[in-house]
Amino acid sequence: MPLSVHGVCDSQYCATGLMLVGYSLEICLKGLLILTKGVEAYASEEKQFRHHKLERLAEQVPNLSAKDRAILSVLTHFTEWAGRYPDPGSGKDEKVEEIFTLAEQHQITARDLFVLSARVMKHTAIVVNEHAV
C-alpha cells in the first residue's frame, strides 16, 4: 500500500476507534439516565436525549473537570461525523479546527481518554449498585 494511502487509512482507523469509544460512553450514559429517571420518565423525555453530545449526557457524572468536558466534546465530533466521514460536511470546516484546538489546549492524550472512560464506568457501577433490586 502506498505510504500516502497508508497514512489516511491509519488515521481513519484511529478515528473509527474513537467513535466506538464515544458510542460506548453514550450508551452507558443514556443507560444511567434510564436507571436514575426510570423507564417511564425517560420515555416521556426521550426526544431531548436523541443526540450524541457526550458532554451534555455526562452532566450526571460528578466532579467532571474542564479537561474531562473537553475530552467528551472532542469525542462527540467522532460520534457525530469524524469516525465515519473524512470531513464534517459543507460549511462546517471549523469543527475540524475545534478538535485540534481543544486537544492541544487541554493536552489530551489517549491515556486521559481511557482514564475518563474508566471513571464513567466506575460511576455507572456505583449507580447500578444503588438501584439494585
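A brief structural summary.

Each value, and the rule that gives it
- Residues numbered from 1 in each chain as written.
- Predicted model: local features only at pLDDT ≥ 70, side-chain atom pairs only at ≥ 80, totals over all residues.
- Heavy atoms only, no water.
- Helix = DSSP H or I, 4+ residues; strand = E, 2+ residues; numbered from the N terminus.
- Buried < 20%, exposed > 50% of the residue type's maximum accessible area, 1.4 Å probe, protein only.
- Contact = heavy atoms within 4.5 Å.
- Salt bridge = Lys/Arg side-chain N within 4 Å of Asp/Glu carboxyl O.
- Patch = residues over 30% accessible without salt bridge, like charges linked within 9 Å, V, L, I, M, F, W, Y side chains within 5 Å.
- Areas by Shrake-Rupley, 256 points an atom, 1.4 Å probe, with all protein chains shown as cover.
- Lys, Arg positive; Asp, Glu negative; His and termini not counted.
- Charge placed at Lys NZ, Arg CZ, Asp CG, Glu CD.
- Expected span 1.5 Å × (residues − 1).
- Axes fitted to C-alpha atoms, helices over the stretch in contact; angles between N-to-C directions.
- Parallel < 35°, antiparallel > 145°, perpendicular 65-115°, else oblique.
- Left-handed = near helix turned anticlockwise from the far one by under 90°.
- Nonpolar A, V, L, I, M, F, W, Y, C, P; charged D, E, K, R; others polar.

What follows is about the overall build of the chain. If you tally the helices and strands in the chain, you get 6 helices and 0 strands. Ordering the α and β elements of the chain from the N terminus gives α-α-α-α-α-α. Principal axes of the C-alpha set define a box for the chain whose edges measure 55 × 30 × 30 Å. A buried classification covers 33% of the 133 residues belonging to the chain. A fraction of 71% describes how many contacts in the chain between residues 6 or more apart in sequence connect residues 24 or more apart.

This paragraph deals with the pattern of salt bridges. Taken as a whole and judged by the stated rule, the model has 5 salt bridges. The salt bridge involving Glu45 is made with Lys37; its shortest N-O contact spans 3.0 Å. A salt bridge links Lys67 to Asp112, with the shortest nitrogen-to-oxygen separation between them at 2.9 Å. One end of the pair, Lys67, is in helix H4 (residues 66–82); the other, Asp112, is in helix H6 (residues 110–130), and 45 residues separate them in sequence.

Taken together, the side chains of Asp87, Asp93, Glu94 and Glu98 present a region of like negative charge at the surface. Within the secondary structure, Asp93 sits in the loop between H4 and helix H5 (94–105). Assessed through its relative accessible area of 56%, Asp93 is described here as exposed.

Here we take up H5. Helix length check: H5 (12 residues) gives 16 Å between terminal C-alpha atoms against 16 Å at 1.5 Å per residue, within 8%. Count one or two residues on from H5 and you reach Gln107, which has phi positive near 50°.

We now examine unusual backbone geometry. Residues other than glycine seldom take positive phi values, yet Asn63 does so here, at roughly 60°. Position of Asn63 among the secondary structure elements: in the loop between helix H3 (54–57) and H4. By relative accessible area, which is 70% here, Asn63 ends up exposed. Phi angles above zero are rare outside glycine, and Gln107 is one such case at about 50°. Within the fold, Gln107 resides in the loop between H5 and H6. Overall, the relative accessible area of 62% leaves Gln107 in the exposed class.

This next bit is on the packing of H4 against H5. Put simply, H4 and H5 touch, their axes get as near as 9 Å, and they point 150° apart. Taken together, the axis directions place H4 and H5 in an arrangement best described as roughly antiparallel. Note that H4 runs across H5; the crossing there is left-handed. In this structure, H4 uses Ala70, Ser73, Val74, His77, Phe78, Trp81 and Ala82 to contact H5, whose residues at the interface are Lys95, Val96, Glu98, Ile99, Leu102 and Ala103. Of the residues belonging to the contact of H4 with H5, the class tally is 9 nonpolar, 2 polar and 2 charged.

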